[in-house]
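Secondary and tertiary structure notes
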Amino acid sequence: MWEYSDKVKEHYKNPKNVGSIENADAVGEAGALACGDKLKIYLKIDNGIITDAKFQTFGCGSAVASSSILTEMIIGKTLEEAKKITNKDIADELDGLPPEKMHCSVMGHEALEDALKGYFGEKDKAEENADKKNNAKKIVCNCFGVSEEEIIKAIKEKGAKSLDEIREINYAGGGCARCVPNIKILLDKYAKVDTQLNPVQFILKINKVLETNVAHELGKDSGGIELVNVEGKNVYVKLTGTCSSCKNASLTLKNFVETQLREHVDKEINVIEVK
């Protein structure tokens, strides 16, 4: 269950500046209904100052809260001040968002950016914008602003070999997860996967995954897991705590434990429960 700050709850229940502005000086959009979230923002501008802002959004409570707080943040600000607002600023103003909902603040930032580009006529400078994009760092994870270069560096220089290790280093993929497929492509391209582990290394790696990836999740429900034995690709484990009496223990083993070991250790691993 995600935890939301009081500010998020307040702006979701009582959103500010909902609606549209007739003859708005700038209008920006972000998101797509096909993806589940869509935002449209309207700005009234006088002498370089945003005097009014309203929004229309289709999305979750975090999308509503992010849009609402954004309008409050920009009313009264100069255009130059508004340009400097980032998605992190929006999330911070809400006293934080769950990582899985950071894309809502990204959507707010992108809608504001779209509106300002339209106001300054930058949307019509297609070739200029294309050159800027080519020269800029390619951002892979919009939620945390992590570039492709930073992810490759985490793989090559810091030895990241999995999505979890990438998240530990620079948080990439820890938000909305829309960037995960692209991160996996980079992992497949640049990560040097251990293909030949000796028996001791093999067991140690299995044990590490059980301790760091599996035990933590099972512990949330007062459960646990112990490594009993390893024979070839067969991994024998014992469930403890509440997991030991769970009716769905076999499903937990196959759908979660085995999946984790196959992803991080060896694709041919079979998990077998020991009573």
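Only a predicted model underlies this, so the values are computations on that prediction, with no experimental measurement involved.

**Here's the deal with the pattern of salt bridges**
- Within the structure shown, the criterion is met by 10 salt bridges.
- Among the salt bridges present, the one from Asp-92 reaches Lys-88, with a minimum N-O distance of 2.9 Å. One end of the pair is Asp-92 and the other is Lys-88, both in helix α4 (residues 87-93) and 4 residues apart, which spans about a single turn.
- Here the salt bridges share partners, and the residues they tie into one network are Lys-233, Asp-266 and Glu-268.

**Let's talk about the confidence of the model for the protein**
- Here the protein shows a mean pLDDT of 83. Residues at 70 or above account for 86%.
- Long-range and interchain partners of residues 124-128, a stretch whose pLDDT sits below 50, account for 0 contacts in this model, where long-range means more than four residues apart.

**Digging into helix α2 (residues 61-74)**
- Taking 1.5 Å per residue as the helical rise, α2 with its 14 residues ought to reach 20 Å, and the 20 Å between its terminal C-alpha atoms agrees with that figure.
- For α2, a buried count of 12 out of 14 residues is recorded, marking the element as mostly surrounded by other parts of the structure.
- Buried within α2 we find Ser-62, Ala-63, Val-64, Ala-65, Ser-66, Ser-67, Ser-68, Ile-69, Leu-70, Thr-71, Met-73 and Ile-74.
- In this fold, the buried residues of α2 make contact with α1 (6-13), β2 (37-46), β3 (49-58), α3 (79-83), α4 and α5 (102-119).

The rules we used
Residues numbered from 1 in each chain as written. Predicted model: local features only at pLDDT ≥ 70, side-chain atom pairs only at ≥ 80, totals over all residues. Heavy atoms only, no water. Salt bridge = Lys/Arg side-chain N within 4 Å of Asp/Glu carboxyl O. Helix = DSSP H or I, 4+ residues; strand = E, 2+ residues; numbered from the N terminus. pLDDT = per-residue confidence, 0-100. Contact = heavy atoms within 4.5 Å. Expected span 1.5 Å × (residues − 1). Buried < 20%, exposed > 50% of the residue type's maximum accessible area, 1.4 Å probe, protein only.

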